[in-house]
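Here are the chains, one letter per residue:
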Amino acid sequence: MNSIQETIAHARKIVIKIGSNTLAKTDGTINYSFMQDLARQCHVFIQQNKQIVLVSSGAQVAGVSTIDRWVRKKDIHYRQALCAIGQVELMDKWRCAFGDFGYHIGQLLLTKEDFEDPHRTLNMRNTLFTLVDEGVVPVINENDSVSFDEISIGDNDNLSALTAILWNADLLILFSDIDGVYTDNPKTNPDANLVEIVEDIAALKSSIHIGGVNSFGTGGMATKLQAAEKITAYGIPMILANGGRDHILEQLAAGTATGTLFVASWE
């Protein structure tokens, strides 16, 4: 399968990662209308007998939306406190968005340690399978309020890859603020070209310019390529696309939106 449309059509178990830049409006507050429309699109997929797991960033963005007087505080304790406040708001908005279509959501907050301990890993896996089998949409995030360097995954690109591997997913979709992988930064270089199919990530990394992190999130192109390396090594393809495009999930499925498809290693 060497097209995004075909890959989505053949995938039953799909992990969708939503980045902070996708969830945030230009003023840095939560974009609830996006969340509502994504829930609607997920509903369409579920009606097609697909299963959905969300990995959602945005706790800190939601915290700023709630207590904007902390927006400029850079102290780690304020950042973690914002995440504690924002995670409640974030989950409430996902609950409302999916509730409009008759779905419950279930929250899982994870750290790197959870993936390194076999007992925790088994419990996480069993919880994921139970939630999805019962028609509940799991919403996963890193436990930013308690994470520190030694136990932090650090970004939700890699968290989503670990989740997809744990769940034996058929596909990982990363939604960011860029249409896919470019040969250079398209925001600064008008001659940058979109790379639509990637079969050799090592060769890709040696031929493109990888920029820094984005505005609201903790990741950048480097973490997306790390996620692609993880996931494709387990035979799971990955799609990188712009979550800010209207009805992006449906457009990808219809073959009318662009993105980058990372082909699984043994396809």
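This text gives an overview of the structure that appears in the document.

Rules behind the numbers
- Residues numbered from 1 in each chain as written.
- Predicted model: local features only at pLDDT ≥ 70, side-chain atom pairs only at ≥ 80, totals over all residues.
- Heavy atoms only, no water.
- Helix = DSSP H or I, 4+ residues; strand = E, 2+ residues; numbered from the N terminus.
- Buried < 20%, exposed > 50% of the residue type's maximum accessible area, 1.4 Å probe, protein only.
- Phe/Tyr/Trp six-rings, centres within 6.5 Å; stacked < 30°, edge-to-face > 60°.
- Expected span 1.5 Å × (residues − 1).
- Pairing = 2+ DSSP bridges.

### Describing the overall build of the protein chain
Tallying secondary structure elements over the protein chain gives 11 helices and 10 strands in all. In the protein chain, which comprises 267 residues, the share counted as buried stands at 51%.

### Topic: the packing of aromatic side chains
Overall, the coordinates contain 1 aromatic pair when judged by the stated rule. Note on Trp94 and Phe98: the rings are 5.9 Å apart at their centroids and 40° apart in plane angle, and the pair reads as tilted. Within this pair, Trp94 and its partner Phe98 are both found in helix α5 (residues 76–99), separated by 4 residues, close to a single helical turn.

### Comments concerning helix α8 (residues 156–167)
At 3.6 residues per turn, the α-helix brings residues three or four places apart onto the same side. The end-to-end C-alpha separation of α8 is 16 Å, in line with the 16 Å expected for 12 residues at 1.5 Å each. Of all the residues in α8, the buried ones are Asn156, Asp157, Asn158, Leu159, Ser160, Ala161, Thr163, Ala164, Ile165, Leu166 and Trp167. Positive backbone phi, at 55°, marks Asn168, one or two positions downstream of α8.

### Points about unusual backbone geometry
Its identity is not glycine, yet Asn49 carries a phi of approximately 70°, on the positive side. Looking at the secondary structure, you find Asn49 in the loop between α3 (32–47) and β2 (51–56). For Asn49, a relative accessible area of 60% translates into the label exposed. The residue Asn168 is not glycine, and still its phi comes out positive at about 55°. Mapping Asn168 onto the fold places it in the loop between α8 and β5 (171–176).

### So, the pairing of β5
Side chains on a regular strand alternate between the two faces of the sheet. Among the 6 residues that make up β5, 6 are buried, leaving the element largely enclosed by the rest of the structure. Here strand β1 (residues 13–18) runs beside β5; their pairing, made up of 5 bridges, is parallel. Counterpart to Ile18 in the pairing with β5 is Phe175. Of the pairings in the sheet, the one linking β5 to strand β9 (residues 238–242) comprises 5 bridges and is parallel in character. From the neighbouring strand, Ser176 faces β9, where its bridge partner is Asn242.

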